[in-house]
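Listed below are the residues making up each chain.
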Amino acid sequence: QSALTQPASVSGSPGQSITISCTGTSSDVGGYNYVSWFQQHPGKAPKLMIYDVTKRPSGVSNRFSGSKSGNTASLTISGLQAEDEGDYYCTSYTFSITSNWVFGGGTRLTVL
Amino acid sequence: QITLKESGPTLVKPTQTLTLTCNFSGFSLSTIGVGVGWIRQPPGKALEFLTLIYWNGDKRYSPSLKSRLTITRDTSENQVVLTMTDMDPMDTATYYCAQRPSCCYTFDFWGQGTFVTVSS
């Protein structure tokens, strides 16, 4: 069982917007602005899409945006494109007694 | 250009110890704030944080696996080594190493991963 909760799957049509949620606790997602999102295509390594809740690394499309409310973080992808299809994972750093990273269970995005 | 690459055995037997090496370039593990971590992914399953070592030698471990994990570094050789004892078939997974940048609590560059099968 993963520490952070994500929906197993989401889908959308090209051009639409979708949002993936990531729910944790006040010890991780809710407590600090250290949520990241990764995109993973089959057989490939994860790619960082969002870090520190809302920041985009250089080269990542501005169609990807992040937000947070309480213990739930969200990734929104606008103007869906076929190449957005894949798995998305959230992660948060936790300053618990055993400071480390916790991951979500992953969400499969299907572009219809 | 930052690159990381994992290497090690592709097959280990149950109860054996796994040793994986992460060779990296394009950054220094002596830079304040930088770290190198290991994350694994069983087939069809989610990512799981294992361990990380910081520029100052400080280490972080997954609480559930801490007793089985050791992470070390060779700063001059740009290498980080993961050791995992008492391997079990449930440890079959792709093992990734990744850079923790100095600015942030994330992993911005990842290796391609190495798939390890645990089987007799």
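First things first, this report covers the structure right here in the doc. In this convention, every chain numbers its residues from 1, walking through the sequence in written order. Whichever chain is written first becomes A and whichever ligand is written first becomes 1, with later ones labelled in order. In keeping with the predicted nature of the model, local features appear solely for residues at pLDDT of at least 70, side-chain atom pairs appear and are counted solely at 80 or more, and the whole-chain, interface and lining totals rest on all residues. Derived side-chain values reflect all non-hydrogen atoms in the structure, with water molecules and hydrogen atoms excluded from consideration.

1. Brief notes about the state of the cysteines
Residues and elements named next belong to chain A.
Phase 1 of the analysis: Throughout, a disulfide means two cysteine sulfur atoms within 2.5 Å of one another. Under the definition given, this model contains 3 disulfides over all chains.
Phase 2 of the analysis: One disulfide in the model links C22 with C90; its S-S distance is 2.0 Å. Looking down the S-S bond of the C22 and C90 bridge, the torsion is 75°, so its handedness is right-handed. Note that C22 is positioned in strand β2 (residues 18-23) and C90 in strand β7 (residues 86-94), a separation of 68 residues in sequence. The same class applies to C22 and to C90, which are both buried. Every helix listed is a DSSP run of H or I at least four residues long, and every strand listed is a run of E at least two residues long, numbered separately from the N terminus. The rule is simple: take the accessible area with a 1.4 Å probe, protein chains only, and divide by the maximum for that residue type; under 20% is buried, over 50% is exposed, in between is partly exposed.

2. Points about the packing of aromatic side chains
Phase 1 of the analysis: When the centres of two rings from Phe, Tyr and Trp lie within 6.5 Å, Trp using its six-membered ring, the rings pair. Their planes under 30 degrees apart give stacked, over 60 give edge-to-face, and anything left gives tilted. The tally for this structure, following the rule as stated, stands at 19 aromatic pairs over all chains.
Phase 2 of the analysis: Here the aromatic rings of Y32 of chain A and Y34 of chain A are separated by 6.4 Å at their centres, their planes lie at 10°, and the arrangement is stacked.
Phase 3 of the analysis: Judged by relative accessible area, Y34 of chain A falls into the partly exposed class, the value being 25%.
Phase 4 of the analysis: Ring geometry for F95 of chain A versus Y105 of chain B: centroids 5.4 Å apart, planes at 75°, classification edge-to-face. Of this pair, F95 of chain A sits in the loop between β7 and β8 (100-103) while Y105 of chain B sits in the loop between β9 (93-100) and β10 (109-110), which puts the two residues in different chains.
Phase 5 of the analysis: A residue is classified by how much of its surface remains accessible, and Y105 of chain B, at 19% relative accessible area, is buried.

3. Some thoughts on the pattern of salt bridges
Residue and element names in this part refer to chain B.
Phase 1 of the analysis: A pair is scored as a salt bridge if a Lys or Arg side-chain nitrogen falls within 4 Å of a carboxyl oxygen belonging to Asp or Glu. Under the definition given, this model contains 7 salt bridges over all chains.
Phase 2 of the analysis: The shortest N-O distance in the salt bridge between R60 and D58 comes to 3.0 Å.
Phase 3 of the analysis: Residue R60 is classed as partly exposed on the basis of its relative accessible area of 21%.
Phase 4 of the analysis: Classification of D58 as partly exposed rests on a relative accessible area of 32%.
Phase 5 of the analysis: Among the charged side chains, a network of salt bridges with common partners joins R40, E48, R68 and D91.

4. Comments concerning the pairing of β7 of chain A
Residues and elements named next belong to chain A.
Phase 1 of the analysis: With respect to burial, β7 is a largely interior element, 9 of its 9 residues being buried.
Phase 2 of the analysis: When DSSP finds two or more bridges between a pair of strands, those strands are recorded as paired. Sheet topology note: the strand β3 (residues 35-40)/β7 ladder contains 6 bridges and is antiparallel. Across the sheet, residue S36 finds its bridge partner in β7, namely T91.
Phase 3 of the analysis: Where β7 lies against strand β9 (residues 107-111), 3 bridges are found, and the strand directions are antiparallel. Directly across from G86, in β9, lies its bridge partner L109.
Phase 4 of the analysis: Where β7 and β8 come together, 4 bridges link them in antiparallel fashion. Paired with Y93 across the strands is W101, a residue of β8.

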